[in-house]
Amino acid sequence: QLIIIRVIVMCAAKEQRPTLQGTRYKTRKRDEKVKYDPKTFCEVIIATINEAGGDLEAISAALDKEGGKQDYNQYAEQLLDILIAGGMLQAGGIISEQVADVCVVSAEPTLEAIRGHIGILVGLLRRYRYLQKNVKDEMNKVLTYLKQFTESQRKSLAIFVALCISENLVTPGIIYELFSDHLVKDENVTLAFSTVLFSTWLNEKGIVNVGSALRKVHLEDKLLKLLPPPKRREHVFDEHFEKAGLTELVTFRKSQQNTRIKRKLKDELDEYIKDNAQISVILDHCQEYLDST
């Protein structure tokens, strides 16, 4: 009987187990591959903006609602392109043929007008926080193509960038992009842009805040780079920005320069004292500094 039981158990173990062959699985929505289609996305966003009829509050509400249908994460670059330039900003600074009726560069270059566009951006960033990581890259791209915009459009952009800095949407480090050779050699681009930018920023925050922010990104001693190379002289900088009513910026640059010179002199004097240099040598060195300043 024991042998029979064992045989029965072995036969049962050898029976083919049921398989899942032919069973269909339902693909989870998050696992489905969505086709990358920026053109269609842009068409939808541009239509959404245009349907609002120029009302910035209506545009903000419509874009907020549209975010529930569209993938703002996947198309963050295109979304920001449209908000700033009106359409997809392509290589070389070319804007796609289809553009929105309302965007930063088409706005009147006034603080009041541009502040409304900042409101749209801030509203989207509060609702869709993942967009924040794309703002800096978008700003860098737009500044790279500054020469492709008209003078009026550059003024609107300068005010927009200044307000973004004031609202901590980007850091003042964005100004480094203005030092690019192809921009700075044309004083109608970098110098003119930075003049509007600093005027707006100082008006919003004051020289104490602006100066502190510049020091944090190590720009306090690099402001001369805003001038075209042939005109990169201190008196040229001072004359230009004083004429633009930015005397505070001129004073700040001079104070930073004096601080840097004093620090350098102190380090050199410490070396002289360490090496037991003669008093006459130290005095002569100090006199050279006084003559040079």
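Residues numbered from 1 in each chain as written. Predicted model: local features only at pLDDT ≥ 70, side-chain atom pairs only at ≥ 80, totals over all residues. Heavy atoms only, no water.

**Student:** Mind showing me how you'd approach the overall build of the protein here?
**Tutor:** Helix and strand counts for the protein stand at twelve helices and zero strands. When the helices and strands of the protein are placed in sequence order, the string is α-α-α-α-α-α-α-α-α-α-α-α. Burial statistics for the protein: of 293 residues in total, 39% are counted as buried. Counting only contacts in the protein whose residues sit at least 6 apart along the sequence, the fraction spanning at least 24 positions is 67%. A total accessible area of about 18,000 Å² is found for the protein, and carbon and sulfur atoms account for 51% of it. (Helix = DSSP H or I, 4+ residues; strand = E, 2+ residues; numbered from the N terminus. Buried < 20%, exposed > 50% of the residue type's maximum accessible area, 1.4 Å probe, protein only. Contact = heavy atoms within 4.5 Å. Areas by Shrake-Rupley, 256 points an atom, 1.4 Å probe, with all protein chains shown as cover.)

**Student:** Is there a simple way to think about the packing of helix α4 (residues 76-85) against helix α5 (residues 111-127) in this case?
**Tutor:** Pairs of packed helices are described in terms of their axes, by the angle between the two and the distance that separates them. Running from N to C, α4 and α5 point in directions that differ by 160 degrees, and their axes come no closer than 11 Å. By the angle between their axes, α4 is roughly antiparallel relative to α5. In this structure, the crossing between α4 and α5 has a hand that is right-handed. In this structure, α4 contributes L79, L80 and L83 to the contact, and α5 contributes I120, L121 and L124. Class assignment for the residues of the contact of α4 with α5 results in six nonpolar, no polar and no charged. (Axes fitted to C-alpha atoms, helices over the stretch in contact; angles between N-to-C directions. Parallel < 35°, antiparallel > 145°, perpendicular 65-115°, else oblique. Left-handed = near helix turned anticlockwise from the far one by under 90°. Nonpolar A, V, L, I, M, F, W, Y, C, P; charged D, E, K, R; others polar.)

**Student:** Help me out: how do you make sense of the environment of Q74 in this one?
**Tutor:** If you trace the backbone, Q74 turns up in the loop between α3 (56-66) and α4. When its relative accessible area of 31% is taken as the criterion, Q74 is described as partly exposed. Each C-alpha atom of the pair Q74 and L131 lies 9.8 Å from the other, and the pair is 57 residues apart in sequence.

**Student:** Can you help me understand the side chain of E220 in this one?
**Tutor:** By the secondary structure assignment, E220 is in the loop between α9 (190-216) and α10 (234-243). With no salt bridge to any partner, buried E220 finds its closest opposite charge in K222, at an N-O distance of 6.1 Å. Excluding residues within four positions of it along the chain, E220 makes contact with L214, R215, F252 and Q256. (Lys, Arg positive; Asp, Glu negative; His and termini not counted. Salt bridge = Lys/Arg side-chain N within 4 Å of Asp/Glu carboxyl O.)

**Student:** Even after reading the chapter, I still don't get the confidence of the model for the protein, so can you show me in this structure?
**Tutor:** Atom-level detail of predicted coordinates should not be read off regions where pLDDT is low. For the protein, per-residue confidence averages 87 on the pLDDT scale, and residues scoring 70 or more make up 84% of the total. Mean pLDDT values over the elements of the protein span from 49, in helix α1 (residues 2-14), up to 98, in helix α7 (residues 151-166). (pLDDT = per-residue confidence, 0-100.)

**Student:** Explain the pattern of salt bridges here, please?
**Tutor:** Where charged atoms from two side chains of opposite charge come close, those side chains can pair. Overall, the coordinates contain nine salt bridges when judged by the stated rule. Residue E204 is joined to R115 by a salt bridge in which the shortest nitrogen-to-oxygen separation is 2.9 Å. Taken as a pair, E204 in helix α9 and R115 in helix α5 lie far apart in primary sequence, 89 residues in all. Residue E204 is classed as partly exposed on the basis of its relative accessible area of 27%. If you follow the salt bridges from partner to partner, you end up with E77, D81, E138 and K141 in one network.

**Student:** Can you help me understand the packing of helix α2 (residues 38-51) against α4 in this one?
**Tutor:** At a closest axis distance of 10 Å, the pairing of α2 and α4 adopts a crossing angle of 35 degrees. Crossing hand, α2 versus α4: right-handed. For the pair formed by α2 and α4, the contact residues are P38, F41, C42, I45, I46 and I49 on the first element and Q78, L79 and I82 on the second. Counted by class, the contact of α2 with α4 contains eight nonpolar, one polar and no charged residues.

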